[in-house]
Structure formats: structure tokens, C-alpha cells
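# Structural overview for review
Now for the letters of each chain:
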Amino acid sequence: MMEPLGPFQDIWDAWVEVEHDISQKPLSHFERAAQIQFEELREHLAHGDREAAARELIDVVSIALNHLRNLGFTPDEIAELAKSRAHNRMRGQAKTILEKYQTDYGI
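Residues numbered from 1 in each chain as written. Predicted model: local features only at pLDDT ≥ 70, side-chain atom pairs only at ≥ 80, totals over all residues. Heavy atoms only, no water.

## Concerning the overall build of the chain
- Helix and strand counts for the chain stand at six helices and zero strands.
- N-terminal to C-terminal, the α/β element order of the chain is α-α-α-α-α-α.
- Projected onto its principal axes, the C-alpha positions of the chain cover 40 × 35 × 30 Å.
- Each of the 107 residues in the chain was classed as buried or not, and the buried ones make up 24%.
- Pairs at least 24 residues apart make up 60% of the contacts formed inside the chain by residues separated by at least 6 positions.
- Surface summary for the chain: the accessible area is close to 8,100 Å², and the carbon and sulfur share equals 57%.
- A gap of 9 Å separates the mean positions of the 12 positive and 19 negative side-chain charges of the chain. (Helix = DSSP H or I, 4+ residues; strand = E, 2+ residues; numbered from the N terminus. Buried < 20%, exposed > 50% of the residue type's maximum accessible area, 1.4 Å probe, protein only. Contact = heavy atoms within 4.5 Å. Areas by Shrake-Rupley, 256 points an atom, 1.4 Å probe, with all protein chains shown as cover. Lys, Arg positive; Asp, Glu negative; His and termini not counted. Charge placed at Lys NZ, Arg CZ, Asp CG, Glu CD.)

See below:
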């Protein structure tokens, strides 16, 4: 049987031991943690280290999962949220989403 978070279930499980600590963290913790990962990602890319860059992006996923944990979501609920978001917001709308980032945020 497939775990609710698929290949990301192991990441979820790795953080169970500090679940209480994570539940006490403010949004700013997760925001800064993600910024740090992107700073590290930038360094790896500058050195042409694709594998290390990929690991930093997995760490970004870990941070997102831990913030979802912080918000009280279970792996099953996260799986459903991800499916719903993909089907109801992203599928068939990727071009529009990219254009919105361009026009609204200049990126």
C-alpha cells in the first residue's frame, strides 16, 4: 500500500520526533528556513553542483511539509489537499499562473 505522501512520507516520518517543537514554531521560522535553503541552492548552482541543489529543494519540500504539520494537517489530508490543488487550480491553468506572476510580480 502506498503511503499518503508517497516518496515524501519518509521526510514526514523523519520529523515525528520533534513534532511538538514544530507545532510551536511561528510562520517566520518556516519562511526563514525556506530562504536559507534557497540561499544554499544558489551557492550549489553557482558551483555547478546539481545534486546538492536538488537536495536543497528537497529540504524546501521538507519545510513545507513541516509547516503543514504545524497547521495541524495529517499526511492523508495533505495528500488530498495536493490532489485538489493540482486538479482545481493548476491543471489547465499553468500558463495563466505563470502569466500572473509575470504581470503582477514581474517575475
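More follows now that the structure is in view.
## Comments concerning the layout of surface pockets
- Each pocket or cavity is described by its volume, and for the largest pocket that value is around 310 Å³.
- Going through the elements one at a time, α5 (75–90) and α6 (94–105) are the ones with two or more residues in the lining of the largest pocket.
- Among the elements that take part in the lining of the largest pocket, α6 stands out by supplying four residues, more than any other.
- Taken together, the residues that form the lining of the largest pocket break down as four nonpolar, no polar and three charged. (1 Å grid on protein atoms, 1.4 Å probe; cavity = no way out; pocket = protein on both sides within 12 Å on 5 of 7 lines; lining within 4 Å. Points joined across faces, edges and corners; volume = space filled by probe spheres on them. Nonpolar A, V, L, I, M, F, W, Y, C, P; charged D, E, K, R; others polar.)

## A few points about the side chain of Asn70
- By the element assignment, Asn70 lies in helix α4 (residues 50–70).
- Of note is the side chain of Asn70, whose polar atom sits 2.8 Å from the backbone oxygen of Ile22.
- Of note is the side chain of Asn70, whose polar atom sits 3.5 Å from the backbone oxygen of Ser23.
- Sequence-distant contacts of Asn70, that is, excluding residues within four places in its chain, are made with Ile22, Ser23, Gln24, Lys25 and Phe30. (Polar contact = N/O pair within 3.5 Å; in protein donor to acceptor, adjacent residues only side chain to side chain.)

## What to know about α5
- Over its 16 residues, α5 extends 21 Å from the first C-alpha to the last, a length consistent with the 22 Å expected when each residue adds 1.5 Å.
- Residues Pro75, Ile78 and Ala79 constitute the buried set of α5. What you see down the axis of α5 is that its buried residues fit within an arc of 105°, all on one side. Of the exposed residues in α5, those oriented more than 90 degrees away from the buried face are Asp76 and Asn88.
- For α5, the secondary structure elements touched by its buried residues are α1 (9–14) and α4.
- The positive-phi residue at the C-terminal boundary of α5 is Gly92, with phi of around 80°. (Expected span 1.5 Å × (residues − 1). Arc of directions from axis to C-beta.)

Such coordinate-based values are descriptive only and should not be taken to indicate function.
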